[in-house]
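Read off the chains here:
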2 protein chains.
Amino acid sequence: MNRITEALLKTVSDWKGNFKGAYNIREDGQCAGRRSSENIRIESKEDGPGLVIHISPDTRGETVYIPACVTKGNVDDLVYNDFYVGEGADVTIVAGCGVHTDNEGEAKHNGIHRFFLGKGSHVLYKEKHIGTGTGTGLKKINPVTDANLAEEAVMEMDTIQIGGVDDTRRTTRAVLGAGARLIIHERILTDGCERAATDFEVSMDGEDSGVDLISRSVAKGDSCQEYHSRIQGNCRCTGHSECDAILIGNGKVNAAPELYAGDIDASLIHEAAIGKIAGEQIIKLRTLGLTEEEAEQKIVEGFLK
Amino acid sequence: MNRITEALLKTVSDWKGNFKGAYNIREDGQCAGRRSSENIRIESKEDGPGLVIHISPDTRGETVYIPACVTKGNVDDLVYNDFYVGEGADVTIVAGCGVHTDNEGEAKHNGIHRFFLGKGSHVLYKEKHIGTGTGTGLKKINPVTDANLAEEAVMEMDTIQIGGVDDTRRTTRAVLGAGARLIIHERILTDGCERAATDFEVSMDGEDSGVDLISRSVAKGDSCQEYHSRIQGNCRCTGHSECDAILIGNGKVNAAPELYAGDIDASLIHEAAIGKIAGEQIIKLRTLGLTEEEAEQKIVEGFLK
C-alpha cells in the first residue's frame, strides 16, 4: 500500500493505521489488503473485478471497510461489489473512495455496488469521496448503487463528496419490500470547473415501505450540479425528498425531483430550495469577528454536516 | 351560433346572452360572432386560422372574450391567436374552451396563444376547459400558451379544467423581462380514463423578475395526470412553484418540477405533495351530516377553488 493510499484512507474511511474487523483495500485496481471476519466473508468475484461480501444473519455491530483508491494518472478502475446481508444483521459498511493524480493522466474509479438486504436487516452505508493531487489529469468517480431491501429491512446511506472530484455521475436505485425503509443523506461540494450529476430512483413496491431522501449541495466557482430523483409509490407507502442547494460565485444547479403516485395510499412530498447564503447570516458571523470568507466557510460546513 | 355553443359558453366564459366589450366566438372552426372595441381590435390572421388582437396602450378595465367551442364529433380545430398588449394596459382576457361530441367522432381543439405584453402592462388571463356530450368520441383540448413579458409587465393566468376532457396536453412557455411577474393558478380535474399532461417552462431573463406557479390537481377514477415544470433563473430573480395533487380511486399522478439556478442571485423554491384526502377531513364533514361522497366532493371543490 503506498503513501497516497494511506493519506486517502485517512480522509475517506477513518483509517488509523488499521481497520477493526473485516476489510478490503483496493489500490489502483488491485487488492492491497483483505481480511474476513467470522461473520463477514469477503471473496473475489469469479466472473470479473470485484468482491462478493456475505454478512451472516444476525451479525450485530460489526463494520466492514471496502475503500477504493486510485493513486496515479492513467488508471481507469472498474469494480463490481455485491453485498449479501443476512436476515436480522445490523452492520456498518464503509466504502470511501479517493482518486489522485499528479500528472496529466486521468484518475478514475467506477464502483458498482449491489446490495441485497435480508429480512429485518439494517445497514448503515457510509461513503466519502475525494479527489487530490497536483496533476492536470481529471479526477472522476462514478458510483452506482443498486439496493434491494427485503421485508422490514432498513438502509441508511450517508454519502458525501468533500471536494476535488472533477466529474461525477452518481446513480442510486432501490427497490423496497414491505415495511422496508431507505434513508439517504447526500452532500456534494463542487468548486472550480467541477461537474456533478446525481440520480436517484426509488421504487416502493411493498406495503408500508418508506423513503426519506435529503440531498444538500454547494456549488462554488464555476461548478455545475444536476440533481434528479424519481420516487415511485406503487402501494401504501410514504416518500419524502428534499434537495437544497447553496450557490457561491458562478455555481449553477439544476434540481429535478420527480414523484409518482400510482396508488391512492401513496403519500409523497418534496421540497427544494436553491439560492445564495443569506446576507444577514454572513453579517451575524462577521460581528463575531470572522472575515467574510471565514463566515461563508462556517455556513457551508454547517450546511453539509 | 348553435345551442351547444351557448351552453358551453355559459360554463367556460360567463356568457349571459351577450358579452360586454370586445369578443370573438369560435364555433367548430368558424367565427360565430365578433366585435372590436375602441381600444381592442380583433382581426383575422392573414396567414392562417386565428386572430390578431391589438390592445391599445393604457387600455384599462376592459375584458376581451375569445372562447372556442367544438360542438360535434369529427372536428379537429386548430387556431393561432396572437395578443399584442400595449404599454400600461390593464385588461382581462377570457379564453374558455368547450368540446362536445354526441357520436363516435372526436371533438378536438388546439389553441396556440401567443402573448406580447408591453412594458408595465397587466393581463388577467382566464381559461376554463370542459368536455361534454354523450358520444363515445374522445374530447381533446391541447392549449399552447407562449408569453413574452416586457419590463414590469404582469401576467396572471387562472386556468381550470373542470372535467369531461379525455385527453389534454397543456404547454405553457414564458420569458420574463426585468421586473416582470408571472402568476399561474392551474387546476385540473380528471376522472374515468382521462389523461392530462401539463408542462411549464418559464425563463426569468430580466433582473428582479418573478414567477409564482401553483398547480392543483385531482385524479379520480382511473385517470392519470403528469406535471412537469422548469423554472429557469438566469439573473437576480425569484421563483416559486407548488404542485399538489389529490388521488381518489385509482387515480395516478406524476409530478416532475425542475428548478435551474444559473445565477447566484436566483432564489428558487418548490414544494409538491401527492396523496389521498385525509381520513379525519372526511370524518369531520360527515359529523356535519354529509355522506362520504358529499364530503369528498366538498373537499375537492375547496381544493380546486
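Keep in mind the model is a prediction, meaning the values are calculated, not measured.

What counts and what doesn't
Residue positions are counted from 1 within each chain, in the order its sequence is given. Chain A is the first chain written and ligand 1 is the first ligand written, with later ones labelled in order. Reporting in this predicted model follows two pLDDT cut-offs: at least 70 for local features of residues, and 80 or more for side-chain atom pairs to be given and counted; totals over whole chains, interfaces and linings ignore these cut-offs and use all residues. Side-chain measures here rest on the full set of heavy atoms in the structure, leaving out hydrogens and waters. Only residues with pLDDT of at least 70 in both copies contribute their C-alpha atoms to the least-squares superposition of the copies. In this analysis, two residues are considered to be in contact whenever any of their non-hydrogen atoms come within 4.5 Å of each other. Numbered from the N terminus, helices here are DSSP runs of H or I no shorter than four residues, and strands are runs of E no shorter than two. Summary of the burial criterion: residues with accessible area below 20% of their type's maximum are buried, those above 50% are exposed, and those between are partly exposed, where the area comes from a 1.4 Å probe applied to protein chains only. Counted charges follow a simple rule, with Lys and Arg positive, Asp and Glu negative, and His plus the chain ends left uncounted. Salt bridges are defined by distance alone: a side-chain nitrogen of Lys or Arg within 4 Å of a carboxyl oxygen of Asp or Glu. UniProt positions are given in the numbering used here, feature names are shortened, and annotations may be inferred rather than shown by experiment. Criterion for a disulfide: a pair of cysteine sulfur atoms within 2.5 Å. Here the rule is simple: two strands pair whenever DSSP picks up at least two bridges between them. What counts as buried area is the accessible surface, traced by a 1.4 Å probe, that two parts surrender upon association, with contributions from both included. In protein, a polar contact requires one atom able to donate a hydrogen and another able to accept it; more generally it is a pair of N or O atoms within 3.5 Å, and residues adjacent in sequence count only if both atoms are side-chain atoms. We call Asp, Glu, Lys and Arg charged. Ala, Val, Leu, Ile, Met, Phe, Trp, Tyr, Cys and Pro are nonpolar, and the rest, Gly among them, are polar. Aromatic pairing here means that ring centres of Phe, Tyr or Trp (its six-membered ring) are within 6.5 Å. Orientation follows from the plane angle: under 30 degrees is stacked, over 60 is edge-to-face, and everything else is tilted. Given a helix with a known number of residues, its expected span is that number minus one, times 1.5 Å. An arc is given here, and it is the one of the directions from the helix axis to the C-beta atoms. For every element, the axis is a line fit to its C-alpha atoms; helices are fit only across the contacting stretch, and the angle between N-to-C directions ranges from 0 to 180 degrees. Throughout, a crossing is termed right-handed when the near helix is turned clockwise from the far one, and left-handed when it is turned anticlockwise from it by less than a right angle.

A. Expanded view of the relation of the copies chain B and chain A. Expressed as a screw transformation, the operator carrying chain B onto chain A has a rotation angle of 180° and an axial translation of 0.0 Å, and the superposed copies differ by an RMSD of 0.0 Å. Viewed as a symmetry operation, the transformation between the two copies matches a two-fold axis. Minimal C-alpha distance to the rotation axis in chain B is attained by Glu271(B), lying at 2.2 Å. With an isologous cut-off of 70% or more, the 100% of interface residues of chain B that recur at the interface of chain A puts this contact in the isologous class.

B. The side chain of Asp244(A), seen in detail. All names here are of chain A. Looking at the element boundaries, Asp244 is found in strand E19 (residues 237-247). Nearest to the buried, unbridged Asp244 among oppositely charged side chains is Arg216, at 4.6 Å. Setting aside chain neighbours within four positions, we find Asp244 in contact with Ser215, Arg216, Ser217, Ala272, Ala273 and Phe303.

C. Fine view of the UniProt feature "domain: SUF system FeS cluster assembly SufBD core" (unreviewed entry) in chain A. In the numbering used here, UniProt assigns the feature "domain: SUF system FeS cluster assembly SufBD core" (unreviewed entry) to residues 85-303 of chain A. With 10% helix and 62% strand, residues 85-303 of chain A has its two end C-alpha atoms placed 32 Å apart.

D. Local environment of the pattern of salt bridges. Across all of its chains, the model carries 28 salt bridges over all chains by this definition. The salt bridge partner of Arg41(A) is Glu43(A), with a shortest N-O separation of 2.9 Å. Here Glu43(A) falls in the partly exposed class, since its relative accessible area comes to 34%. Between Lys276(B) and Asp265(A) there is a salt bridge; the shortest N-O distance is 2.5 Å. With Lys276(B) in strand E21 (residues 266-276) and Asp265(A) in the loop between strand E20 (252-261) and strand E21 (266-276), this pair bridges two chains.

E. The arrangement of the state of the cysteines in detail. Evaluation of the coordinates by the stated rule reveals zero disulfides over all chains. Of all cysteine sulfurs, the one in Cys243(B) lies closest to Cys243(A), which takes part in no disulfide; the gap is 13 Å. We classify Cys243(A) as buried; its relative accessible area is 5%. Among the cysteines around Cys31(B), which has no disulfide bond, Cys69(B) carries the closest sulfur, lying 12 Å off.

F. Spatial organisation of the pairing of strand E10 (residues 107-117) of chain A. Residue and element names in this part refer to chain A. Most of E10 is tucked away: nine of the 11 residues are buried. When strand E7 (residues 75-85) meets E10, the two strands line up parallel, connected through 11 bridges. Note on E10: the bridge partner recorded for Asp77 is His109. As paired strands, E10 and strand E12 (residues 139-149) are joined by 11 bridges and run parallel to one another. Its bridge partner lying in E12, Arg114 is registered against Asp146.

G. Molecular detail of the interface of chain B and chain A. On the chain A side, the residues contacting the 30 residues of chain B number 30 residues. Roughly 2,300 Å² of surface becomes buried between chain B and chain A when both sides are summed, with 50% attributable to carbon and sulfur atoms. For the interface between chain B and chain A, the tally reads two salt bridges. The interface formed by chain B and chain A contains 14 residue pairs in polar contact (both at pLDDT 80 or more). When residues of the side of chain B that touches chain A are traced back to their parent elements, those giving at least two are strand E20 (252-261) and E21 of chain B. Per element, the largest residue contribution to the side of chain B that touches chain A is 11 residues, and it comes from E21(B). Of the residues assigned to the side of chain B that touches chain A, the class counts are 16 nonpolar, seven polar and seven charged.

H. Layout of unusual backbone geometry. Residues and elements named next belong to chain B. Look at Asp28: it is not a glycine, yet its phi comes out positive at around 50°. Structurally, Asp28 can be placed in the loop between strand E1 (22-27) and strand E2 (30-35). Non-glycine residue Asn74 carries a positive phi angle of around 60°. Within the element layout of this structure, Asn74 appears in the loop between strand E6 (68-70) and strand E7 (75-85).

I. Local environment of the packing of aromatic side chains. On inspection of all chains with the given rule, the structure shows 14 aromatic pairs over all chains. Aromatic pair Phe200(B) and Tyr227(B): ring centres 6.1 Å apart, planes at 45°, arrangement tilted. Residue Phe200(B) is located in strand E16 (residues 195-204), and its partner Tyr227(B) is located in strand E18 (residues 224-233); the two are separated by 27 residues in the primary sequence. Comparing Phe200(B) with Tyr227(B), the two get one shared label, buried. Each residue in the set Trp15(A), Phe19(A), Tyr23(A) and Tyr65(A) is aromatic and connected to the rest through ring pairs, giving one cluster.

J. How the structure looks around helix H3 (residues 292-304) of chain B. All names here are of chain B. With 13 residues, H3 ought to run about 18 Å at 1.5 Å a step, and its terminal C-alpha atoms sit 18 Å apart, in line with that. Listed in full, the buried residues belonging to H3 are Ala295, Ile299, Val300, Phe303 and Leu304. The buried residues of H3 occupy an angular sector of 155° when the element is viewed end-on, so they sit on one face.

K. Quick look at the packing of helix H2 (residues 279-287) of chain B against H3(B). Residues and elements named next belong to chain B. Axis separation between H2 and H3 bottoms out at 9 Å; the angle between their running directions is 115°. Two packed elements cross with a definite hand, and for H2 against H3 that hand is right-handed. The residues of H3 that touch H2, namely those facing Gln281, Ile282, Leu285 and Arg286, are Glu292, Ala295, Glu296, Lys298 and Ile299. Considering only residue class, the contact of H2 with H3 consists of four nonpolar, one polar and four charged.

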